[in-house]
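# Fold and geometry: a report
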Amino acid sequence: MKSKTPLMLIALCLITVFSVVAKENPATSGKAPKASITSLEHNFGTVKTGTPLSFTFKVKNTGDADLEIKNVAPSCGCTSSQFDKLIQTGKEGGITLEVKNTEGYKGEVVKNATVTTNDPNQPTFTLVLRATFTE
């Protein structure tokens, strides 16, 4: 009768290797960041033409790994952004969108920016600024 020891040894080695890889990989270990945002949109209401717009969206990391904000890409060159690149577990950071020059704006204006993160359930989302300009 042949021994099953070599086959059992190979199986044990594979199980050990896969368990080590799972512990080192956050995606398989269950640890992941989670971006929690109260609102994806801010409405300034009615403002006078020429009034600069600036708003900071609060982002909380409710996951159990560091949240990385990889990029914030405004939809046009008139909008700028500043943001916290790393938000630790349980902490809050911010993403500020700003439109400095609103001369000539009339009526409803909508500006947005696409945010890219390492949150596996929400790798991208869009933030929106709204205002209605009057003279």
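Residues numbered from 1 in each chain as written. Predicted model: local features only at pLDDT ≥ 70, side-chain atom pairs only at ≥ 80, totals over all residues. Heavy atoms only, no water.

### Remarks on the packing of aromatic side chains
How we decide: A pair of Phe, Tyr and Trp rings is counted when the ring centres sit within 6.5 Å of each other, with Trp represented by its six-membered ring. The angle between the planes then sorts it: under 30 degrees is stacked, over 60 is edge-to-face, the rest tilted. When accessible area is computed with a 1.4 Å probe and restricted to protein chains, residues below 20% of their type maximum are described as buried, those above 50% as exposed, and intermediate ones as partly exposed.
Summed over all chains, the structure comprises two aromatic pairs. Seen in terms of ring centroids, Phe55 and Phe57 are 4.9 Å apart; in terms of plane orientation they differ by 80°. Their pairing is edge-to-face. A relative accessible area of 2% places Phe57 in the buried class.

### Brief notes about the sheet that holds strand S8 (residues 107–117)
Put simply, the rule reads: If DSSP finds at least two bridges between two strands, the strands pair. Numbering of helices and strands starts at the N terminus; helices are DSSP runs of H or I of at least 4 residues and strands are runs of E of at least 2.
As summarised here, the arrangement of the five strands in space is S2-S9-S8-S4-S6, forming an open sheet in which the pairing is mixed. At either margin of the open sheet sits one strand with a lone partner, and together these are strand S2 (41–48) and strand S6 (86–87). Looking at chain direction, S8 and strand S9 (residues 124–134) are connected through ten bridges and run antiparallel. When the sheet's bridge partners are listed, Asn112 is paired in S9 with Val128.

### Thoughts on the side chain of Lys111
Worth spelling out the cut-off: In this tally, Asp and Glu contribute negative charge and Lys and Arg positive charge; neither His nor the terminal groups of the chain are included. Salt bridges are defined as contacts in which a side-chain nitrogen from Lys or Arg sits within 4 Å of a carboxyl oxygen from Asp or Glu. The contact criterion used is simple: two residues touch if any of their non-hydrogen atoms lie within 4.5 Å.
Inspection of the secondary structure assignment puts Lys111 in strand S8. Despite its burial, Lys111 pairs with no opposite charge, the nearest such side chain being Glu108 at 12 Å. Once you skip the residues sitting within four places of it in the chain, Lys111 turns out to touch Cys76, Cys78, Thr79, Val99, Tyr105, Leu127, Val128 and Leu129.

### Considerations on the sheet that holds strand S5 (residues 80–83)
Quick note on the threshold: In this analysis, axes come from line fits to C-alpha atoms, helices being fitted only over the stretch in contact, and the angle between any two N-to-C directions falls in the range 0 to 180 degrees.
With respect to topology, four strands assemble into an open sheet ordered S1-S3-S7-S5, the strand pairing being antiparallel. Of all the strands in the sheet, just strand S1 (35–37) and S5 have a single pairing partner and so form its edges. Shown here is a sheet whose adjacent strand axes are inclined to one another by a mean of 25°, direction ignored. Bridge count between S1 and strand S3 (residues 53–61): three bridges; the pairing is antiparallel. When the sheet's bridge partners are listed, Ala35 is paired in S3 with Asn61.

### Focus on the side chain of Thr79
In this structure, Thr79 sits in the loop between strand S4 (67–74) and S5. Residue Thr79 is classed as buried on the basis of its relative accessible area, which comes to 6%. Every residue in contact with Thr79, bar those within four places of it in the chain, is listed here: Pro74, Leu97, Glu98, Val99 and Lys111.

### Focus: the pattern of salt bridges
Where charged atoms from two side chains of opposite charge come close, those side chains can pair. Tallied over the entire structure, the rule returns three salt bridges. With its nearest N and O atoms 2.6 Å apart, the salt bridge here joins Glu41 to Arg130. Of the two residues, Glu41 is situated in strand S2 and Arg130 in strand S9; the sequence distance between them amounts to 89 residues. Given a relative accessible area of 36%, Glu41 falls into the partly exposed group. The exposure class of Arg130 is partly exposed, given its relative accessible area of 24%. Between Lys106 and Glu135 there is a salt bridge, with the nearest N and O atoms lying 3.1 Å from each other. Here Glu135 lies in the segment after S9 and Lys106 lies in the loop between strand S7 (92–99) and S8, a separation of 29 residues in the sequence. Residue Lys106 shares its accessibility class with Glu135, and that shared class is exposed. Through salt bridges that share partners, Glu41, Glu108 and Arg130 make up one connected network.

In short, the description is geometric, and any link to function would need to be established separately.
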